[in-house]
Amino acid sequence: MVGLVFFSIFALLASTGSAYDVIREYSGSTFFDGWDFYGAPDNLTLGNVTWLSETDAISQGLAYVNNQGHVILKVDNTTNVTYGQERNSVRITTQDAYELGSLWLIDVNHIPYGCSVWPAFWSFGPKWPDDGEIDIIEGINLMTYNQMAIHTTAGCTHSGSVGQLGTNGPTTDCSQPSGCTRPDIPLSISQATSTSSLDLSDWGTPHANFSSSTCNMIAFFTPQNLVLDITLCGDWAGLSWDYDPTCGSSGPTGLCYNDCVVGPGSPLYDTAYWDISYIRTYTSSVSTPSPSGSPASSSSSATRTSTTATSISSAASTDTNIADTPPFLQPIGSGEPHLYLLRRGNSELSLWNA
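None of these values were measured; they are calculated from a predicted model.

## Comments concerning the nonpolar core
Judged by nonpolar contacts, the single largest core of 59 residues is most densely connected at F31, L73, I92, F121, L228, W274 and I279. I189, A192, L198 and Y278 belong to the second largest nonpolar core, which has 11 residues in total.

Put into structure tokens, the structure is as follows:
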């Protein structure tokens, strides 16, 4: 375990020393048992991919467990895509939804990256954007930082950089399209097992922190389903002002789809894969998971970009963004593994990475 992301977004924060008990570990040969595959084109971010069904993703080698017991989700890097076609990829969503008082931990060995590549580990409620969206890991092309974000309807804002290590994005209004946006692994995590509880007392300052003083967590976020996906180009990675600075010279046309998606998949998409040791979900005494019944295909939700957001760069529709001090990823996904942890509570939502 070289790196982890711990995202405590739904925890009730009675105290930072509160213990959280394991709800579920997604890992190894049973990892996919608790997930639904999308099985349709990307109609959410307008990416140039088809997210395959479980049967097709497994048969085409885009979703599997390797001989180290790690989960691999990847973009097709073997097909010669002709103009007008999409490239195959994977999006999966948890069957359980996690409520206030929950904590989510993902141990990532490799994050997808490369020109046109847009990976995300995020969550959403059953009605988007009314029930909130949380972007835990997200980046595009050759970005050197992780953009954490929350997306809500109007009325949720970010209180600023107090209590976080990350740098705020251009807006503190989490209902805007961009949203409101560490090197050492805490001992409590490095010594944790798939069944042991977690104590938060040694976690330190989070990279992203969203306070209920300016965003009512109960009002803006319902139980959340977790999502892992990889899309290509689309309405962020493929936009000229985001694509051109690092990838505009990667092909003869300067266009994301023409120069990346079309043509052979290798070597461009050889690095476009997730390698995950595990995802664990935890609960305080007040939280239990609930079956979501959320659709696994194109009927699921509206286009994500229409919301309000706040982002912070190391993040957040209302959108608030927060970013890590570069280089968080060199580029995103090419560095050492990271652990990400999210705690979600009624008094604040916090995200750490190590």
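## Concerning the side chain of D275
With respect to the helices and strands, D275 occurs in strand 18 (residues 273–283). Buried and unpaired, D275 has no salt bridge, with K74 as the nearest side chain of opposite charge at 11 Å. At 2.9 Å, the side chain of D275 forms a polar contact with the side chain of H70. Ignoring sequence-local partners within four residues, the contact set of D275 consists of N66, H70, V71, I72, D107, V108, N109 and H110.

## Topic: the pattern of salt bridges
Evaluated as defined, the whole model comprises 3 salt bridges. Close ionic contact of R280 with E25 constitutes a salt bridge, the shortest N to O distance being 2.6 Å. Judged by relative accessible area, which is 6%, R280 ranks as buried. D130 is the salt-bridge partner of K127, the closest N and O atoms lying 4.0 Å from each other. Given the relative accessible area of 51%, K127 is considered exposed.

## Describing the sheet that holds strand 8 (residues 87–89)
Spatially, the 3 strands line up as an open sheet ordered 4-5-8, and their pairing is mixed. If you trace the sheet from one side to the other, it starts and ends with strand 4 (40–41) and strand 8, each paired once. When strand 4 meets strand 5 (residues 49–51), the two strands line up antiparallel, connected through 2 bridges. Directly across from P41, in strand 5, lies its bridge partner T50.

## Things to note about the side chain of S188
Within the fold, S188 resides in helix 2 (residues 187–190). The class for S188 is buried, based on a relative accessible area of 19%. Polar side-chain contacts of S188 include one of 3.1 Å to the backbone oxygen of D199. For S188, the contacting residues outside a window of four places in its chain are L198, D199, D202 and W203.

## Let's talk about the pairing of strand 9 (residues 91–98)
On a regular strand, each side chain points to the face opposite its neighbour's, so the side chains alternate between the two faces of the sheet. Counting buried residues along strand 9, 7 of its 8 residues qualify, which places the element largely inside the surrounding structure. Here 3 bridges tie strand 3 (residues 35–37) to strand 9, and the two strands are oriented antiparallel to one another. Counterpart to W35 in the pairing with strand 9 is T94. Sheet analysis places strand 9 next to strand 17 (residues 224–232), joined by 5 bridges and oriented antiparallel. Counted as the bridge partner of T93 is V227 from strand 17.

## Observations concerning the state of the cysteines
Following the criterion strictly, the structure yields 3 disulfides and no others. Disulfide pairing is shown between C115 and C247; the S-S distance is 2.2 Å. Judged by the torsion about the S-S bond (-90 degrees), the C115/C247 disulfide is left-handed. When sorted by exposure, C115 lands in the same class as C247, which is buried. C233 shares a disulfide with C256; S-S distance 2.1 Å. On the sign convention where negative means left-handed, the S-S torsion of about -95 degrees between C233 and C256 marks this disulfide as left-handed. Placement of C233 in the loop between strand 17 and helix 4 (234–237) and of C256 in helix 6 (residues 256–261) is noted, with a sequence separation of 23 residues between them.

## So, the environment of E25
Among the structural elements, E25 can be located in strand 2 (residues 19–27). Classification of E25 by relative accessible area gives partly exposed; the value is 24%. Dropping the residues within four chain positions of it, E25 is found in contact with S194, Y278, I279 and R280. Among the polar contacts made by the side chain of E25, one reaches the side chain of S27 at a distance of 2.8 Å.

Scoring rules and cut-offs
- Residue indices follow the written sequence of each chain, beginning from 1 at its first position.
- In view of the model being predicted, local features appear only for residues whose pLDDT reaches at least 70, and side-chain atom pairs are presented and counted only at 80 or more, with totals across whole chains, interfaces and linings using the full set of residues.
- The side-chain values count all of the structure's non-hydrogen atoms but skip hydrogen atoms and water molecules.
- Only buried Ala, Val, Leu, Ile, Met, Phe, Trp, Tyr and Cys residues count toward a nonpolar core, and they belong to the same one when joined by side-chain atoms within 4.5 Å.
- Here the term buried applies to any residue with accessible area under 20% of the maximum for its type, exposed to any over 50%, and partly exposed to those in between, with areas from a 1.4 Å probe on protein chains only.
- For the purposes of this entry, the term helix denotes a DSSP run of H or I that reaches at least four residues, the term strand denotes a run of E that reaches at least two, and both are numbered from the N terminus.
- The charge count includes Lys and Arg as positive and Asp and Glu as negative, but it does not include His or the ends of the chains.
- For this document, the term salt bridge refers to a Lys or Arg side-chain nitrogen within 4 Å of an Asp or Glu carboxyl oxygen.
- Here a polar contact means two N or O atoms within 3.5 Å. Within protein one must be a hydrogen donor candidate and the other an acceptor candidate, and residues neighboring in sequence count only if both atoms are side-chain atoms.
- For this analysis, residues touch if any pair of their heavy atoms sits within 4.5 Å.
- Strand pairing is defined by DSSP finding a minimum of two bridges between the two strands.
- By disulfide we mean two sulfur atoms from cysteines, separated by a distance within 2.5 Å.

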